[in-house]
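What follows is the residue order along each chain.
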Amino acid sequence: MNIGINRAHFPVSVLGPGQRIGIWLQGCSLRCKGCVSRDTWQSDPGRLMTVAQLLAWCRDITAGRLDGVTLSGGEPFDQAPALAALLAGLRQWRGSAGLDFDLLCYSGYPLATLQQRHAHLLQQLDALIPEPYVAAKPLTHLWRGSANQPLLALSGRGRKKYAGYLDAPADQAAKRMQTMLDGQRVWYVGIPGRGDLAALDAACRAKGLRFDQASWLS
Ligand code: SF4
């Protein structure tokens, strides 16, 4: 089974509790206005890998020391069969290795749509952040881009682990972004505040630096 991947990284500490694997799936049909991840929209055969390869990378990069896996995108549910295979593999690894990491997934689809079309996949997750990003709504809660997006605990593990975070506010002082270098590119992980990326662009320009390409620009 192939899966389209934009990128994967470990450790990610700004999209869920603890030190996590972050996996960004490639391809999103939803096209939310103001999306900062436009580089994930287009499906790309050049970004396919096998689920088995991705699972092997997860095992190798963490050596079994991880708190969770965050699946984002792109739109994970646009690759439902591959997502099912990935979740099955992660759960099999968790069980067979005696690990306790949680599985958190973002989706831009409304909760009702996911419940109608993908109930079997929701049963494999511990936590879910559904609903489209709405730029006109403020950033109010931890790990969420706009105020319409809930954090839902879907399993016993999820209820135990996320109980203290369901209504947690987005703390302006807390770390919300990670910065990484990826070859010749700078890569930002996390949920930027409104205006943060424009401020970053302005600060760079003031120092004579200019972004040739940026995932948040059309
Ligand atoms: S915010 Fe998420 S669901 Fe919306 S267009 Fe961007 S990648 Fe797709």
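A short tour of the structure in this document, coming up.

Further remarks concern the overall build of the chain. Secondary structure assignment for the chain yields six helices and nine strands. The C-alpha radius of gyration of the chain comes to 17 Å, within 12% of the 17 Å expected for a compact globule of 218 residues. Projected onto the principal axes, the alpha-carbon positions of the chain cover approximately 55 × 35 × 30 Å. Taking all 218 residues of the chain together, 31% fall into the buried category. Of the contacts made within the chain by residues no fewer than 6 positions apart, 64% connect residues no fewer than 24 positions apart.

Turning our attention to the site of the ligand. Lining the immediate surroundings of the ligand are 13 residues, of which Cys 28, Cys 32, Cys 35, Gly 108 and Tyr 133 lie closest. Taken together, the residues of the shell around the ligand break down into six nonpolar, five polar and two charged.

This paragraph deals with the sheet that holds strand S4 (residues 68–72). Taken together, the seven strands give an open sheet; going across it, the order is S3-S1-S2-S4-S5-S6-S7, and neighbouring strands pair in mixed fashion. With one partner strand each, in any of the chains shown, strand S3 (48–50) and strand S7 (152–153) form the two edges of the open sheet. Relative to the sheet, helix H1 (residues 51–62) contacts strand S1 (2–12), strand S2 (20–25) and S3, its axis offset from that of S1 by approximately 10 degrees. The sheet strands contacting helix H2 (residues 80–96) are S1, S4 and strand S5 (102–106), and the helix crosses S1 at an angle near 40 degrees.

Further remarks concern the pairing of S2. Counting buried positions along S2 gives six out of six residues, so the element sits mostly inside the fold. Residues Arg 20, Gly 22 and Trp 24 of S2 are buried on one face, and the alternating residues Ile 21, Ile 23 and Leu 25, pointing to the opposite face, are buried as well. Strand direction decides the pairing type here: S1 and S2, joined by five bridges, are antiparallel. The residue bridging Val 12 from the neighbouring strand is Arg 20, located in S2.

Turning to its location among the elements, Leu 54 is positioned in helix H1. Each C-alpha atom of the pair Leu 54 and His 120 lies 22 Å from the other, and the pair is 66 residues apart in sequence. What Leu 54 contacts, discounting residues up to four positions off in sequence, is Ile 3, Ile 5, Ala 8, Met 49 and Leu 86.

Right, let's get into the packing of H1 against H2. One can describe the packing of H1 onto H2 by two numbers: an axis separation of 10 Å at closest approach and a directional angle of 35 degrees. When the axes of H1 and H2 are compared, the crossing they make is right-handed. Contacts between H1 and H2 pair Val 51, Leu 54, Leu 55 and Arg 59 from the former with Ala 82, Ala 85, Leu 86, Gly 89 and Trp 93 from the latter. Residues that form the contact of H1 with H2 fall into these classes: seven nonpolar, one polar and one charged.

Attention now goes to the nonpolar core. Ile 3, Ile 23, Val 69, Leu 86, Leu 103, Cys 105 and Ala 127 are the most contacted members of the largest nonpolar core, which has 34 residues in total. Those elements that provide at least two residues to this core are S1, S2, H1, S4, H2, S5 and strand S6 (127–129). Among the elements that make up this core, the one with the highest residue count is H2 (five residues). Look past the residues within four positions of Cys 105 in its chain and what remains in contact with it is Leu 71, Pro 76, Leu 125 and Leu 128.

Here we take up helix H6 (residues 196–206). The element H6 is largely exposed, with a buried count of zero among its eleven residues. Directly after H6, the chain includes Gly 208, whose backbone phi takes a positive value near 85 degrees.

All right, on to unusual backbone geometry then. For the peptide bond that leads from Phe 10 to Pro 11, omega is 0 degrees, which places it in the cis range. Tracing the backbone shows Pro 11 in strand S1. Gly 74 follows Gly 73 through a cis peptide bond whose omega is 10 degrees. As for its placement among the helices and strands, Gly 74 is situated in the loop between S4 and H2. If you check the backbone angles, Arg 31 has positive phi at about 55 degrees while not being a glycine. Note that Arg 31 resides in the loop between S2 and S3. Classification of Arg 31 by C-beta neighbours within 10 Å gives exposed; the count is 11. Positive phi, close to 50 degrees, is recorded for Ala 63, a residue that is not glycine.

Here is what the cut-offs are and how they apply
Within any chain, residue numbers begin from 1 and follow the written order of that chain's sequence. Given that the model is predicted, a residue must reach a pLDDT of at least 70 before its local features are reported, and side-chain atom pairs must reach 80 or more before they are shown or counted; all residues, however, enter totals for whole chains, interfaces and linings. Note on conventions: DSSP H or I runs of at least 4 residues are helices, E runs of at least 2 residues are strands, and numbering of each starts at the N terminus. Restricting the calculation to C-alpha atoms gives the radius of gyration, and the globule rule supplies 2.2 Å times the number of residues raised to the power 0.38. With C-beta atoms placed from the backbone, the exposure class of a residue follows from how many other C-beta atoms lie within 10 Å of its own: 20 or more, buried; 12 or fewer, exposed; in between, partly exposed. For every residue pair, C-beta atoms are placed from the backbone, and the pair is scored as a contact if these atoms sit within 7 Å. For each residue, a C-beta position is placed from the backbone atoms; the residue is near a molecule or strand when that point lies within 6 Å of it. The classification used treats Ala, Val, Leu, Ile, Met, Phe, Trp, Tyr, Cys and Pro as nonpolar, Asp, Glu, Lys and Arg as charged, and all other residues, Gly among them, as polar. Pairing between strands is defined by DSSP: at least two bridges between them are needed. Axes here refer to lines fitted to C-alpha atoms; in helices the fit is confined to the stretch in contact. Angles between the N-to-C directions go from 0 to 180 degrees. Crossing handedness is read from the near helix: turned anticlockwise from the far helix by less than a right angle, it gives a left-handed crossing, and turned clockwise, a right-handed one. By definition, a nonpolar core groups buried Ala, Val, Leu, Ile, Met, Phe, Trp, Tyr and Cys residues that connect through C-beta atoms lying within 7 Å of each other.

Note that every value here comes from positions in space, so none of it alone points to a role or purpose.
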